Amino acid sequence: MKRTLRACLSLFRIRAAESLQYRLAALSGAVVSIVWTLIEVTVYIVFYTYAEGRANFSLTLGQVIAYSWVKELLYALLVFNIDDEIRGKIISGDVGVELCRPLDLYWHWFAKSSAGRVGTLTFRSGAVLLAGILIPGQYGMTLPASLPGFLLFLLSVGCAFLLCSAFGALVSAVRLGITWGDGPTYMLILLGHVLSGGYLPLQLWPDFIQTALLYQPFAGMIDIPARLYVGSAAPAEAVPFLLVQIGWSAVFVAVGRLVMSRRLKNVIVQGG
Amino acid sequence: MKELIFYRRLIRINLLSALEYKGWWMMVLQVLLTVAADPVGTVLLFSRFGSIGVWSMERILLVYSLSVTSYGLAEGFLRGFDYFPWHILRTGNFDRLMLRPRSLFTQVAAHFFHIHRFARPAAGLAVIFWCLARQSAALGPRNVLLLVSALAGGALIYTGIFLLSSGIAFYSIRVLDFFNLTFAGHQVSRIPVDHMPRLLRGMFTFLLPMLVVSYYPASVLCGWGEALWKGLLALPVGALFFGLSLLVWRGGVRHYQSTGS
């Protein structure tokens, strides 16, 4: 157990350092993120200013704008994608080599795919954050609603990282069923993308599904941290939110391990 | 001509090998779902807020679907460029391509082919026709010409973007997210043009001419008040953009030093 932990920690370090290498790529990613966010903010401004039915909503314009920036910050963390290296290994048959290592494959991949997120997270998010602060007026990012809210936001981001890594490992385990190709994996990823609030803040979805939206697993990836930041959820309500995040992380880990051990029983190693 | 036959052959091989996976239909389904999920944000916004003056949901969706469909066409036929930096350049496979007596463009373009990529243009076309019907735009010869020119011009622009990012990849080796600007192009079509900030409008008209292949043809098609010649600009502008990108790609090839081992 201790050996596994230590091996996984160094794997994490190697992979994180590697993902920090490609600075130009990270920079161009940041530019695209910023442009993207500005466009999205414009969409919201147009809707909030000119649309016919400007009724009272659960989110104000300022909150939606801050939400968009926070979402973009967290985006790197999510990288809703299967780790390229792991996918390559499954396809090329290198998974056989991975199995020879005296290391639990699940935690090995968990460490790797979560580390892949760190590089982009620090670099890209840093640039986006800077832009969000510097961009003046209506378009920029506003300060968090309150100090306790902000601290809880940070805590919640940590939980989101755990949740996303667990989900990423589950997706990799599903991908092990090589005869199925990419289909099932991408469907899972898409599901996560839409339901996390990546397309539209969950609070702007129709009212009658709000409760269900809040407790589904993907809300913890973007929506819950963002709510705490913009203050559309009071700090006092935070505890159940965090529990939802941690609970679903545990579920993803359990299911991921189960899927992986079942898939490994008759794994197909390609190549020759 | 020889290149076309060669292209068809490569595509055929790719197609057959993809059909070996039993999950291939799930990929078709998945892309259909992606396409359906894409405008979910917009549709939900409209259902919350109602129309923005004359800008109804149909209008926005028409502009949006024009842009998505032409993107889908480019992606369907030239998938190889999408994967180029990661799967061909970084692995050193590009060296092998250079040894063959066939055009690099064809080889890269047909290196990958995924049948499910055609789910996007198919769904996009369905939405286009739905929006046109909702706004009672007749499909006379003029409108068909406009539509074809818009889609062809759009496909050329997106191909140009693929080429640009592949060309730049020769220098950076890693795929640059620059390519994601295409999605920013879709995103921009969600803003009603009348309310678009000037900077954004200028950028997506003159620099990255997305509006030329989506908004202007749509406006002429449904009679929102843009002049006919602006609607017809799509194809020439697309060709121009494609030509310029081809130059960058050529420059990249000339600069290429092997990455393989």
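As the structure is a prediction and not an experimental result, all values here were calculated from the model.

With respect to the overall build of chain B
Link 1 in the chain: A count of helices and strands for chain B gives 15 helices and zero strands.
Link 2 in the chain: Its C-alpha atoms give chain B a radius of gyration of 19 Å, within 12% of the compact-globule value 18 Å for 261 residues.
Link 3 in the chain: If you line up chain B on its principal axes, its C-alpha atoms span 60 × 40 × 35 Å.
Link 4 in the chain: For chain B, the proportion of its 261 residues judged to be buried stands at 54%.
Link 5 in the chain: Taking as baseline every contact in chain B between residues at least 6 positions apart, the subset at least 24 positions apart corresponds to 77%.
Link 6 in the chain: Summed over all atoms, the accessible surface of chain B reaches about 11,500 Å², with 67% contributed by carbon and sulfur.
Link 7 in the chain: Across chain B, the 23 positively charged side chains and the 10 negatively charged ones have centroids separated by 4 Å.

Looking at the nonpolar core
Link 1 in the chain: By size, the foremost hydrophobic cluster in this structure holds 113 residues, and its most contacted members are Phe94 and Trp249 of chain B.
Link 2 in the chain: Considering every element that reaches this core, the biggest residue donor is helix H9 (residues 141-172) of chain B, with 12 residues.
Link 3 in the chain: Ile86, Tyr106, Ala169 and Ala173 of chain A belong to the second-largest nonpolar core, a separate cluster that totals 26 residues.

As for the pattern of salt bridges
Link 1 in the chain: If you walk through the whole model with that rule in mind, you get four salt bridges over all chains.
Link 2 in the chain: Where Lys71 of chain A meets Glu40 of chain A, a salt bridge forms, and the shortest distance between an N and an O atom there is 2.9 Å. Here Glu40 of chain A lies in helix H2 (residues 23-50) and Lys71 of chain A lies in helix H3 (residues 61-78), a separation of 31 residues in the sequence. One exposure class covers both Lys71 of chain A and Glu40 of chain A, and it is buried.
Link 3 in the chain: Note that Arg134 of chain B is salt-bridged to Glu58 of chain B, the shortest N-O span being 2.8 Å. Of this pair, Arg134 of chain B sits in helix H8 (residues 119-134) while Glu58 of chain B sits in helix H4 (residues 57-77), and the two are 76 residues apart along the sequence.
Link 4 in the chain: Here Arg134 of chain B falls in the exposed class, since its relative accessible area comes to 51%.

Side note on the state of the cysteines
Link 1 in the chain: The tally for this structure, following the rule as stated, stands at zero disulfides over all chains.
Link 2 in the chain: For Cys159 of chain A, which is in no disulfide, the shortest distance to another cysteine sulfur is to Cys164 of chain A and amounts to 11 Å.
Link 3 in the chain: Cys222 of chain B takes part in no disulfide bond, and the closest cysteine sulfur to it belongs to Cys131 of chain B, at a distance of 8.3 Å.
Link 4 in the chain: Judged by relative accessible area, which is 16%, Cys222 of chain B ranks as buried.

Some points on the packing of aromatic side chains
Residue and element names in this part refer to chain B.
Link 1 in the chain: Following the criterion strictly, the structure yields 18 aromatic pairs over all chains and no others.
Link 2 in the chain: Between Tyr71 and Tyr158, the ring centres sit 5.1 Å apart and the planes meet at 75 degrees, which makes this aromatic pair edge-to-face. With Tyr71 in helix H4 and Tyr158 in helix H9, the pair connects residues that are 87 residues apart, well separated along the chain. Like Tyr71, the residue Tyr158 is buried in the burial classification.

Some remarks on the packing of helix H7 (residues 147-175) of chain A against helix H8 (residues 183-198) of chain A
Residues and elements named next belong to chain A.
Link 1 in the chain: Interhelical geometry of H7 versus H8 gives an angle of 160 degrees and a closest axis separation of 8 Å. On the basis of the axis angle, H7 is roughly antiparallel to H8. Relative to H8, H7 is oriented so that their crossing is right-handed. Together, Phe167, Val171, Val174 and Arg175 of H7 and Pro184, Thr185, Leu188 and Ile189 of H8 make up the contact between the two elements.

Thoughts on the packing of helix H2 (residues 24-37) of chain B against H8 of chain B
All names here are of chain B.
Link 1 in the chain: Following both chains from N to C, one finds H2 and H8 inclined at 40 degrees, their axes separated by 9 Å at the closest point. With respect to their mutual orientation, H2 and H8 come out oblique. Note that H2 runs across H8; the crossing there is right-handed. Contact residues: H2 offers Val28, Val31, Leu32 and Val35, while H8 offers Ala119, Arg120 and Ala123.
Link 2 in the chain: Residue composition of the contact of H2 with H8, grouped by class: six nonpolar, no polar and one charged.

Topic: a nonpolar patch on the surface
Link 1 in the chain: Together, Trp180 of chain A together with Leu16, Leu19, Trp24, Trp25, Leu29, Leu33 and Ile115 of chain B make up an exposed nonpolar region whose accessible area comes to about 700 Å².
Link 2 in the chain: No other element matches the four residues that H2 of chain B contributes to the nonpolar patch.
Link 3 in the chain: With respect to the secondary-structure elements, Trp180 of chain A resides in the loop between H7 and H8.
Link 4 in the chain: Looking at Trp180 of chain A, the relative accessible area reads 31%, which means it is partly exposed.

Criteria and thresholds
Residues numbered from 1 in each chain as written. Chains lettered and ligands numbered in written order. Predicted model: local features only at pLDDT ≥ 70, side-chain atom pairs only at ≥ 80, totals over all residues. Heavy atoms only, no water. Helix = DSSP H or I, 4+ residues; strand = E, 2+ residues; numbered from the N terminus. Rg over C-alpha atoms; globule rule 2.2 N^0.38 Å. Buried < 20%, exposed > 50% of the residue type's maximum accessible area, 1.4 Å probe, protein only. Contact = heavy atoms within 4.5 Å. Areas by Shrake-Rupley, 256 points an atom, 1.4 Å probe, with all protein chains shown as cover. Lys, Arg positive; Asp, Glu negative; His and termini not counted. Charge placed at Lys NZ, Arg CZ, Asp CG, Glu CD. Core = buried A, V, L, I, M, F, W, Y, C linked by side-chain atoms within 4.5 Å. Salt bridge = Lys/Arg side-chain N within 4 Å of Asp/Glu carboxyl O. Disulfide = S-S within 2.5 Å. Phe/Tyr/Trp six-rings, centres within 6.5 Å; stacked < 30°, edge-to-face > 60°. Axes fitted to C-alpha atoms, helices over the stretch in contact; angles between N-to-C directions. Parallel < 35°, antiparallel > 145°, perpendicular 65-115°, else oblique. Left-handed = near helix turned anticlockwise from the far one by under 90°. Nonpolar A, V, L, I, M, F, W, Y, C, P; charged D, E, K, R; others polar. Patch = residues over 30% accessible without salt bridge, like charges linked within 9 Å, V, L, I, M, F, W, Y side chains within 5 Å.

In short, the description is geometric, and any link to function would need to be established separately.
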